[in-house]
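# Inside the fold
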Amino acid sequence: QVQLVESGGGLVQAGGSLRLSCAASGRTFSSYSMGWFRQAPGKEREFVAAISWSGKSTTYAASMKGRFTISRDNAKNTVYLQMNNLKPEDTAVYYCAADSLTSVLRTSPRVYNYWGQGTQVTVSS
């Protein structure tokens, strides 16, 4: 079992940057692919980015590619999301999640096994 705790959210002006962290408990962190999702008020949870267990493979939602970077440090049991050139439409609660299937990076939130509590990101115009 994996417990996830996100941090690093906050209020930032448009064009600014934030780095989110997701700390995982348990010694099996490196066995999971990890993903970041976000959910704005009144909207469905949407995929942001995912990273393989080794960190060698990543995938991004089209609207985030080039602005966001996902990475992980298995020695620290932590996955990161660097967000640059933030826009007001990036305002949402951001969640990290763990996927026990490691052979492919998946983008549907329904298949992820474990979730953090979320961290709020607000981008002002």
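Residues numbered from 1 in each chain as written. Predicted model: local features only at pLDDT ≥ 70, side-chain atom pairs only at ≥ 80, totals over all residues. Heavy atoms only, no water.

## Here's the deal with the sheet that holds strand β7 (residues 68-73)
The line we're drawing: When DSSP finds two or more bridges between two strands, those strands count as paired. In this text, helices come from DSSP runs of H or I with a minimum length of four residues, and strands from runs of E with a minimum of two, each type numbered from the N-terminal end. For helices, the axis comes from a line fit to the C-alpha atoms of the stretch in contact; other axes are also lines fit to C-alpha atoms, and the angle between any two N-to-C directions lies between 0 and 180 degrees.
A sheet is described by the order of its strands in space; here 4 strands give the open sequence β1-β3-β8-β7, paired in antiparallel fashion. Strands with a single pairing partner mark the edges of an open sheet, and in this sheet they are β1 (4-7) and β7. Strand-to-strand twist in this sheet, taken as the mean axis angle between neighbours without regard to direction, amounts to 15°. Here 4 bridges tie β1 to strand β3 (residues 18-24), and the two strands are oriented antiparallel to one another. Along β3, the bridge assignment pairs V5 with A23.

## A word on the environment of T91
To keep it simple, the criterion reads: Residues count as neighbours in contact if any of their non-hydrogen atoms are within 4.5 Å of one another. In protein, a polar contact means a hydrogen-donor-capable atom and an acceptor-capable atom, both N or O and within 3.5 Å, with residues adjacent in sequence counting only if both atoms are side-chain atoms; elsewhere, any N or O pair within 3.5 Å suffices.
Among the secondary structure elements, T91 is positioned in the loop between β8 (78-83) and β9 (92-99). Separated by 33 residues in the primary sequence, T91 and T58 place their C-alpha atoms 23 Å from one another. Apart from residues no more than four positions distant in its own chain, T91 is found in contact with A40, Q120, V121, T122 and V123. A distance of 2.9 Å separates a polar atom in the side chain of T91 from the backbone oxygen of P88. Within polar-contact distance, the side chain of T91 engages the backbone nitrogen of V123 at 2.9 Å.

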